[in-house]
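# Coordinates in review
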Amino acid sequence: MMSGPAVRVVLAEDSTLLREGLVRLLDEAGFEVAGAYGDAEQLLADVGRARPDVAMLDVRLPPDFTDEGIRAALRLRRDHPGVAILILSQYLESLYAEELFASGQGGLGYLLKERVTSLDSLTDAIRRDPTRPCRRHGARSAGGVGAAALEA
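Report on the accompanying structure. (Residues numbered from 1 in each chain as written. Predicted model: local features only at pLDDT ≥ 70, side-chain atom pairs only at ≥ 80, totals over all residues. Heavy atoms only, no water.)

Across all of its chains, the model carries eight salt bridges by this definition. Measuring nitrogen to oxygen at the nearest pair gives 2.6 Å for the salt bridge that ties aspartate 46 to arginine 49. Placement of the pair is aspartate 46 and arginine 49 together in helix H2 (residues 40-50), with a separation of three residues, close to one helical turn. With a relative accessible area of 18%, aspartate 46 lands in the buried category. With relative accessibility at 52%, the residue arginine 49 sits in the exposed group. In this structure, arginine 71 and aspartate 67 form a salt bridge, with 2.7 Å as the shortest nitrogen-oxygen distance. Judged by its relative accessible area of 42%, arginine 71 falls in the partly exposed class. One network of salt bridges, in which partners are shared, links Glu13, Asp58 and Lys113. (Salt bridge = Lys/Arg side-chain N within 4 Å of Asp/Glu carboxyl O. Helix = DSSP H or I, 4+ residues; strand = E, 2+ residues; numbered from the N terminus. Buried < 20%, exposed > 50% of the residue type's maximum accessible area, 1.4 Å probe, protein only.)

Dropping the structure here:
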């Protein structure tokens, strides 16, 4: 159980089953889910109200299922630099990851869905101290704002 205020999370995932499952898992783990959306535009429209600590986004989201999640993450970085970003993807999209990490800013994570083998691996990626090395669970640490981490 976490002590202190819960980490506020928003997430964008087009699969209703996965989105609702993540909401329940995060809630069980002590996170406050401030919003769950079926596409990036909904998340971006509501992020000011939701005031998250961490935004979790799938790479491929409606309407085109290409790079909407990465583009939304880049906008979040520009417009809400204090929000940590955790990208969830079924595939390692190295070009997208490189684009997101190119800024050198911390508080970024890239987590392969298939490497999430337990709830602990997901919550660890969200809560990770960005100064700790990260080479587990399919994420790569970039360090920085908030508590999210990534691996490639």
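This brings us to the sheet that holds strand S5 (residues 108-112). Reading across the sheet, the five strands line up as S2-S1-S3-S4-S5 and stay open at both edges, with parallel pairing between neighbours. Each of the sheet's edge strands pairs with one partner strand only, and the pair in question is strand S2 (32-37) and S5. Ignoring strand direction, the axes of neighbouring strands in this sheet form an average angle of 15°. Here five bridges tie strand S4 (residues 84-89) to S5, and the two strands are oriented parallel to one another. (Pairing = 2+ DSSP bridges. Axes fitted to C-alpha atoms, helices over the stretch in contact; angles between N-to-C directions.)

This paragraph deals with the nonpolar core. Counting residues in hydrophobic clusters, the biggest one holds 26 residues, and the most contacted among them are Leu43, Leu57, Leu76, Ile85 and Ile87. Counting only elements with at least two residues in this core, the list comes to strand S1 (8-12), S2, H2, strand S3 (54-58), helix H3 (68-79), S4, helix H4 (94-101) and S5. Top contributing element to this core by residue count: H2, with five residues. Membership of the second largest hydrophobic core comes to 17 residues, among which are Leu11, Val23, Met56 and Leu122. (Core = buried A, V, L, I, M, F, W, Y, C linked by side-chain atoms within 4.5 Å.)

Moving on to H2. Those residues of H2 lying buried are Ala40, Leu43, Leu44, Asp46, Val47 and Ala50. Buried residues along H2 sit in contact with S1, S2, S3 and H3. Two or three places before glutamate 41, at the opening of H2, aspartate 39 has a side-chain oxygen 3.0 Å from that residue's backbone nitrogen. Following H2 by one or two positions, arginine 51 adopts a phi angle in the positive range, close to 50°. (Contact = heavy atoms within 4.5 Å. Polar contact = N/O pair within 3.5 Å; in protein donor to acceptor, adjacent residues only side chain to side chain.)

Further remarks concern the packing of H2 against H3. The packing of two helices is summarised by the inter-axis angle and the distance between the axes. In contact at an axis separation of 9 Å, H2 and H3 are set at 15° when each is read in the N-to-C sense. By the angle between their axes, H2 is roughly parallel relative to H3. In this structure, H2 crosses over H3, and the sense of that crossing is right-handed. For the pair H2 and H3, contact is made by Ala40, Glu41, Leu43, Leu44 and Val47 and by Glu68, Ala72, Arg75 and Leu76, respectively. For the contact of H2 with H3, the residue count by class is six nonpolar, no polar and three charged. (Parallel < 35°, antiparallel > 145°, perpendicular 65-115°, else oblique. Left-handed = near helix turned anticlockwise from the far one by under 90°. Nonpolar A, V, L, I, M, F, W, Y, C, P; charged D, E, K, R; others polar.)

By the secondary structure assignment, serine 89 is in strand S4. Accessibility expressed as a relative area gives 3% for serine 89, which makes it buried. Ignoring anything within four residues of it in the chain, the contact list for serine 89 reads Asp58, Val59, Tyr110, Leu111, Leu112 and Lys113.

Quick look at the pairing of S4 now. It is a general feature of regular strands that their side chains alternate between the two faces of the sheet. For S4, the tally of buried residues reaches six of six residues, placing the bulk of the element in the interior. The alternating pattern of S4 places Ala84, Leu86 and Leu88 on one face and Ile85, Ile87 and Ser89 on the opposite face, and all of these are buried. Where S3 and S4 come together, five bridges link them in parallel fashion. Pairing of leucine 57 across the sheet is with isoleucine 87, part of S4.

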